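Observations on the model geometry
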Amino acid sequence: VTQHIKGKLIKKGYNRWVFLPEILIVVVSSTILSAVYDWKSLGVAVVGKIKTKGFSYKFPISKETMPLYHSLMSSGFLAATLGFFESTTASKSLGSAYDLPISSNRELVALGSINLCGGIIGALPAFGGYGRSRINAISGAQTTMSGLIMGSVTLITIFFLLDYIYYLPQCVLSVITTIVGLKLLDETPADLRFHIRAKGYSELITFCITITATLLYSVEAGIALGVGYSVIRVIKNSTKSGIQILGRLPNTNTFLNADEPLPEDQGEFLEEIEGCMIVKIAEPLTFSNASDLKLRLMRLERYGSAKTHPAAPRTREDSMNKHILFDLNGMTYFDSSAAQIFYEILEAYKKKSIHVYLIRVPTKHGIRKRIKNSGISDLTDGKFYNSIDEVMMLLDNEEASQIHQVPDTASIV
């Protein structure tokens, strides 16, 4: 009711009402009324006495705490994972709703620093909770000073007001939580309509799993299953390699992905350079997708397409793969595990007398340095080419020189 009245007043231009702490007023007034009229005797459930005895501080790295690491490791990992996703969800949702410039990296650094320092003094894990953030936003907070005020009020409540919280009706706390939940549900219909219109079936499945587990079991189970399914999706997508085999548009120097349909004004087919296979790797290569790269390259060698089923009959001969050109433009990361697999791939090519050329290797992110240090450049001619045309001209010149070196047998008597 107070939220509804306050909203109407703000719409009419009474913007000062935004500073009215209606939630605090409801909590304080209901607590006073509960204490004066003894609502507990009338059957109203109250918070009751909060136990504060039995707490003791122990240094986190000691003989007494070391045995606890094994039993608490899984729970700690789960708490950190759920806290990470809850914080990310809160920052993205509230940031877009209130047009706030939120940096995910800084948020995570802040949360990690807080928990690292808090763990040393025996504090509970702390994360950016959606409920608390939503209440903060509903209350009209504008700056980070609200966090300092909230922390100060919490300390004052713990040390001086716990006896008075005894009379706080639990139904009031439920109402406040319900307000937050309803505010969250306000965004749900629009989000569902968007994902249905965009055919985001993976997002809809995540939503259904989370809601079903929450309603049938518990909130923790819903969050855990939703997070687990999201992690599986991330791992599945990260293990797929997006390499492309390139073909040349007729009568041009333009190379396009051979697995994608051509524009109507560009003709019906791409030219394949005789004896050459041009592969573009415009993505980071890491331990997760490098193994898939090896399988997809083998498929390109056999069929000329990464979409062909591996059990299909071979359509490309070995003579069509005398020269393999790797266009690395767009690669932003290249870790040592991927470098090892890539080295093994090029080593196998060298044993088959296949010449490898590295084209448009990025100068940033230490990729060229890693290629040299790992010995990959030793398996090629040791050069980095600036374009595919440059390699094409090199191959044409080599072919022309070989033709001139062959004697004309017809003129020999």
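Being a predicted model, the structure only gives us computed values, none of them experimental.

Topic: the side chain of S34
Structurally, the position occupied by S34 is in helix α2 (residues 22-37). In contact with S34, other than residues within four places in its own chain, are W39, V46, Y167 and P169.

Here we look at the packing of helix α8 (residues 201-216) against helix α9 (residues 219-238)
Any two packed helices are characterised by how steeply their axes cross, that is the angle between the axes, and by the distance between the axes. α9 packs onto α8 with a crossing angle of 160° between their chain directions and a minimal axis gap of 7 Å. Taken together, the axis directions place α8 and α9 in an arrangement best described as roughly antiparallel. Taken as a pair, α8 and α9 cross one another with a handedness that is right-handed. Of α9, the residues touching α8 (which contributes S202, E203, I205, T206, I209, T210, A213 and T214) are V219, A221, G222, I223, L225, G226, Y229, S230 and R233. Of the residues assigned to the contact of α8 with α9, the class counts are eight nonpolar, seven polar and two charged.

Topic: the packing of aromatic side chains
In this structure the tally under the stated criterion is four aromatic pairs. Three or more aromatic residues link up through ring pairs in this structure, and these residues are F326, F334 and F342.

Digging into the confidence of the model for the protein chain
Across the protein chain, the average pLDDT comes to 79, with 83% of residues at 70 or higher. Confidence, expressed as mean pLDDT per element, reaches its minimum in the protein chain at helix α1 (residues 2-11) with 58 and its maximum at strand β5 (residues 355-359) with 91. Contacts for the low-pLDDT stretch residues 409-413, under 50 throughout, to residues beyond four places or in other chains number zero contacts.

Thoughts on the nonpolar core
I281, F326 and F334 are the most contacted members of the largest nonpolar core, which has 31 residues in total. Elements that contribute at least two residues to this core include exactly β3 (276-280), α10 (290-303), β4 (323-327), α11 (336-351), β5 and α12 (367-373). Top contributing element to this core by residue count: α11, with seven residues. Beyond its immediate stretch of four places on either side in the chain, F326 contacts V279, I281, L297, F342, L346, Y349, V356, Y357, L358 and I359. In this structure, I278, L325, Y357 and Y385 belong to the second largest nonpolar core, which totals 13 residues.

Concerning the environment of D163
Relative to the helices and strands, D163 is located in helix α6 (residues 145-165). On the basis of relative accessible area, D163 is assigned to the exposed category, the value being 58%. Through-space distance from the C-alpha of D163 to that of K49 is 7.2 Å; in sequence the pair is 114 residues apart.

Re empty space enclosed by the protein
Counting across every chain of the model gives one cavity of 30 Å³ or more. At the level of elements, β1 (244-248) and β3 are the ones that each hand at least two residues to the lining of the largest cavity. Looking at the lining of the largest cavity residue by residue, the class counts come to six nonpolar, no polar and three charged.

Focus on the sheet that holds strand β2 (residues 255-257)
Adjacent strands of a sheet form backbone hydrogen bonds with each other and so pair up, either parallel or antiparallel. If you trace the six strands from one edge of the open sheet to the other, you get β2-β1-β3-β4-β5-β6, paired in mixed fashion. Each edge of the open sheet is held by one strand with a lone partner, namely β2 and β6 (384-385). Where β5 and β6 come together, two bridges link them in parallel fashion. Note on β6: the bridge partner recorded for L358 is F384. Together, β1, β3 and β4 form the strand contacts of α10, whose direction differs from that of β3 by roughly 150°. Contacts between α11 and the sheet are confined to β4 and β5, with β4 contributing the most and set at about 160° to the helix.

Some remarks on a nonpolar patch on the surface
Together, F59, I61, M66, Y69, M73, I120 and I121 make up a nonpolar patch on the protein surface, roughly 740 Å² of accessible area in all. Sort the elements by how many residues they give to the nonpolar patch and helix α3 (residues 66-97) lands first, with three residues. Along the chain, M66 turns up in helix α3.

Definitions and limits used
Residues numbered from 1 in each chain as written. Predicted model: local features only at pLDDT ≥ 70, side-chain atom pairs only at ≥ 80, totals over all residues. Heavy atoms only, no water. Helix = DSSP H or I, 4+ residues; strand = E, 2+ residues; numbered from the N terminus. Contact = heavy atoms within 4.5 Å. Axes fitted to C-alpha atoms, helices over the stretch in contact; angles between N-to-C directions. Parallel < 35°, antiparallel > 145°, perpendicular 65-115°, else oblique. Left-handed = near helix turned anticlockwise from the far one by under 90°. Nonpolar A, V, L, I, M, F, W, Y, C, P; charged D, E, K, R; others polar. Phe/Tyr/Trp six-rings, centres within 6.5 Å; stacked < 30°, edge-to-face > 60°. pLDDT = per-residue confidence, 0-100. Core = buried A, V, L, I, M, F, W, Y, C linked by side-chain atoms within 4.5 Å. Buried < 20%, exposed > 50% of the residue type's maximum accessible area, 1.4 Å probe, protein only. 1 Å grid on protein atoms, 1.4 Å probe; cavity = no way out; pocket = protein on both sides within 12 Å on 5 of 7 lines; lining within 4 Å. Points joined across faces, edges and corners; volume = space filled by probe spheres on them. Pairing = 2+ DSSP bridges. Patch = residues over 30% accessible without salt bridge, like charges linked within 9 Å, V, L, I, M, F, W, Y side chains within 5 Å. Areas by Shrake-Rupley, 256 points an atom, 1.4 Å probe, with all protein chains shown as cover. Salt bridge = Lys/Arg side-chain N within 4 Å of Asp/Glu carboxyl O.

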